[in-house]
Amino acid sequence: MNRRSLLAVALASVGLGAIVAGSYQELLHVAPAYEGTIETGWGGPRNHQERLLTRVGVLGLLGAVVASRWRYAALASVATGAVVLFYPVRAVLRYALDPGLYTEVTTYSGDTVEYVLGAEPFLLAAGGLLLVAAGVIGWRTHAAGTDAAASTRDPSFRA
């Protein structure tokens, strides 16, 4: 295993760690001073989507490990990173439109608060980007024609 393969595995490992840590965080907070959190489908105890994202992150890590021997396995890391990136983008867009992030909202008691993003979308996005980077590095580790199947060719043969 060369250094680039180890770098891809390390990036995928850190990405999986960010995904796991992000799945335990809250999506939205109530400002000022984070007086509370908002119970959303993404908040509170881990739900089905958060457990699924963790499993998808494990697949991305496995893709980076296998990519050290087989080039096309790096596509698994890229694909799983894209899936992980989709979820925080979708959630943030949903809550940005109604009632709006970082805009003042009046509560029933007359106080004005605003909804701010928690750590979860940032950690999930970082984890997804790290998985994509691990896949790209895993793909580029293999120069053209240096896969295991290509290395068994006769070196005197020229195409």
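Residues numbered from 1 in each chain as written. Predicted model: local features only at pLDDT ≥ 70, side-chain atom pairs only at ≥ 80, totals over all residues. Heavy atoms only, no water.

Draft legend 1. Expanded view of the overall build of the protein chain. When helices and strands are counted, the protein chain shows 4 helices and 4 strands. Listed N to C, the secondary structure of the protein chain is α-β-β-α-α-β-β-α in terms of helices and strands. Expressed as a percentage of the 159 residues in the protein chain, the buried residues total 38%. When the accessible surface of the protein chain is totalled, it reaches about 9,300 Å², and 63% of it is carbon and sulfur. (Helix = DSSP H or I, 4+ residues; strand = E, 2+ residues; numbered from the N terminus. Buried < 20%, exposed > 50% of the residue type's maximum accessible area, 1.4 Å probe, protein only. Areas by Shrake-Rupley, 256 points an atom, 1.4 Å probe, with all protein chains shown as cover.)

Draft legend 2. Local environment of a nonpolar patch on the surface. Together, Val65, Val66, Trp70, Tyr72 and Leu75 make up a nonpolar patch on the protein surface, roughly 490 Å² of accessible area in all. Assignment of secondary structure puts Leu75 in helix α3 (residues 74-97). For Leu75, a relative accessible area of 47% puts it in the partly exposed group. (Patch = residues over 30% accessible without salt bridge, like charges linked within 9 Å, V, L, I, M, F, W, Y side chains within 5 Å. Salt bridge = Lys/Arg side-chain N within 4 Å of Asp/Glu carboxyl O.)

Draft legend 3. Representation of the nonpolar core within the structure. Core analysis: the biggest nonpolar cluster contains 14 residues, and Ala12, Ile19, Leu53, Leu61, Val84 and Ala134 have the highest contact counts within it. Those elements giving two or more residues to this core turn out to be α1 (3-23), α2 (48-66), α3 and α4 (120-141). Examining the composition of this core, we find that 5 residues originate from one element, α1, more than from any other. Formed by 6 residues, the second largest nonpolar core is a distinct cluster that contains Leu27, Leu28, Ala91 and Tyr95. (Core = buried A, V, L, I, M, F, W, Y, C linked by side-chain atoms within 4.5 Å.)

Draft legend 4. Structural view of the side chain of Ser68. Along the chain, the position of Ser68 falls in the loop between α2 and α3. Among the polar contacts made by the side chain of Ser68, one reaches the main-chain carbonyl oxygen of Val65 at a distance of 2.7 Å. (Polar contact = N/O pair within 3.5 Å; in protein donor to acceptor, adjacent residues only side chain to side chain.)

Draft legend 5. Molecular detail of α1. If you check α1, its first and last C-alpha atoms are 30 Å apart, about what 21 residues at 1.5 Å a residue would give, namely 30 Å. Those residues of α1 lying buried are Ser5, Ala8, Val9, Ala12, Gly15, Leu16, Ala18, Ile19, Gly22 and Ser23. For α1, the secondary structure elements touched by its buried residues are α2, α3 and α4. Here α1 starts with a cap whose side-chain oxygen sits 3.4 Å from the backbone nitrogen of Arg4, and that cap is Asn2. (Expected span 1.5 Å × (residues − 1). Contact = heavy atoms within 4.5 Å.)

Draft legend 6. Quick look at the pairing of strand β4 (residues 112-117). As defined by bridge partners, strand β3 (residues 104-106) adjoins β4 across 3 bridges and the pair is classed as antiparallel. When the sheet's bridge partners are listed, Val105 is paired in β4 with Val113. Two successive antiparallel strands, β3 and β4, enclose a turn made up of 5 residues, where Gly110 displays a positive phi of approximately 95°. (Pairing = 2+ DSSP bridges.)

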